[in-house]
Amino acid sequence: MALVHALIQYRSTNVTAKVDEKAINSEIFSATLGIGKFNGGGMLQVPDAISDDGLFDMTIIRKISKWNVLRNLPLLYNGRIYDHPKISVVRAKSIVIHSLPSMPMELDGEAVGHSPFDFSIVPKAIRVVVGATFREQAEVLPMS
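Residues numbered from 1 in each chain as written. Predicted model: local features only at pLDDT ≥ 70, side-chain atom pairs only at ≥ 80, totals over all residues. Heavy atoms only, no water.

Engineer: I would appreciate a short explanation of the packing of aromatic side chains in the present structure.
Structural biologist: To describe a pair of aromatic rings, you give the distance between the ring centres and the angle between the ring planes. A full pass over the atoms with the stated rule returns three aromatic pairs. Between Phe56 and Phe119, the ring centres sit 6.3 Å apart and the planes meet at 70°, which makes this aromatic pair edge-to-face. Of this pair, Phe56 sits in strand 3 (residues 56-62) while Phe119 sits in strand 8 (residues 117-120), and the two are 63 residues apart along the sequence. Summarising the aromatic geometry, the rings of Phe117 and Phe119 are spaced 6.0 Å apart at their centres and angled 35° between planes, so their arrangement reads as tilted. Summarising the burial analysis for this pair, Phe117 and Phe119 share the class buried. (Phe/Tyr/Trp six-rings, centres within 6.5 Å; stacked < 30°, edge-to-face > 60°. Helix = DSSP H or I, 4+ residues; strand = E, 2+ residues; numbered from the N terminus. Buried < 20%, exposed > 50% of the residue type's maximum accessible area, 1.4 Å probe, protein only.)

Engineer: Looking at this model, I keep getting lost on the sheet that holds strand 1 (residues 13-19). Mind explaining?
Structural biologist: Across a sheet, paired strands are connected by hydrogen bonds in the backbone, their directions being either parallel or antiparallel. If you walk across this open sheet you meet the six strands as 4-3-2-1-5-8, and the pairing is antiparallel. Pairing within the sheet leaves two strands with one partner each, and these edge strands are strand 4 (87-92) and strand 8. Averaged over all pairs of adjacent strands, the angle between strand axes in this sheet comes to 45°, irrespective of strand direction. Here strand 1 pairs with strand 2 (residues 22-34) via seven bridges, running antiparallel. Note on strand 2: the bridge partner recorded for Thr16 is Asn25. (Pairing = 2+ DSSP bridges. Axes fitted to C-alpha atoms, helices over the stretch in contact; angles between N-to-C directions.)

Engineer: Looking at this structure, I do not really get the nonpolar core. What am I missing?
Structural biologist: General note: in soluble globular proteins, nonpolar side chains tend to be found buried as a group. Val19, Met58, Ile95 and Ile97 are the most contacted members of the largest nonpolar core, which totals 15 residues. Among the elements of the structure, strand 1, strand 2, strand 3, strand 4, strand 5 (94-100) and strand 8 are those that each provide at least two residues to this core. Val19 has contacts with Ile24, Met58, Val90, Arg91, Ala92, Ser94 and Ile95, leaving out every residue within four places of it along the chain. Met43, Ile64, Leu76 and Ile81 belong to the second largest nonpolar core, which has nine residues in total. (Core = buried A, V, L, I, M, F, W, Y, C linked by side-chain atoms within 4.5 Å. Contact = heavy atoms within 4.5 Å.)

Engineer: When you look at the pattern of salt bridges in this model, what are you seeing that I'm missing?
Structural biologist: Where charged atoms from two side chains of opposite charge approach closely, those side chains can pair. Inspection of every chain in the model, using the stated rule, returns five salt bridges. We note a salt bridge from Arg91 to Asp48, for which the minimum N-O separation is 3.7 Å. Of this pair, Arg91 sits in strand 4 while Asp48 sits in the loop between strand 2 and strand 3; the two residues are 43 residues apart in sequence, bridging distant segments of the chain. Owing to a relative accessible area of 38%, Arg91 belongs among the partly exposed residues under this scheme. Linked by salt bridges that have partners in common, Asp48, Asp57 and Arg91 make up one network. (Salt bridge = Lys/Arg side-chain N within 4 Å of Asp/Glu carboxyl O.)

Engineer: Even after reading the chapter, I still don't get a nonpolar patch on the surface, so can you show me in this structure?
Structural biologist: Taken together, the side chains of Val4, Ile8, Trp67 and Leu70 make up a nonpolar region of the molecular surface, amounting to roughly 400 Å² of accessible area. Within the residue set of the nonpolar patch, elements represented by two or more residues are helix 1 (2-9) and helix 2 (66-71). Checked against the element boundaries, Val4 lands in helix 1. Val4 gets classed as partly exposed once you look at its relative accessible area, which sits at 34%. (Patch = residues over 30% accessible without salt bridge, like charges linked within 9 Å, V, L, I, M, F, W, Y side chains within 5 Å. Areas by Shrake-Rupley, 256 points an atom, 1.4 Å probe, with all protein chains shown as cover.)

The values are spatial; any link to function lies outside them.
The structure is reproduced here in structure tokens:
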């Protein structure tokens, strides 16, 4: 229901982005940036993201009708979002986004500000402690 409510009020925005050294200028409906596949209760907005590859995945939804968004909601949950012709992905170590008008950013369900945004990967910034058998178990699991 939150999606439908937000969708009624939402408008596409003219965005200029610098993705590493490549420039993107487009009217977009939405952009999702992440290093993990899942968000928002099981949505796969960046289904090919790999958390430790040193890159952001950014899913870009170009200007699209609201009806088209609603009709294609299953793509957010089945991992096939990139099958839609208005949706693409870019991968980069740094992404800078400017927009007119300014657009809001949501981080894990919380409103945290408005554009411009500047994102960059900080390599090996987080140390993770795992159990002694973690590596062996990870090598046995099938990759999807």
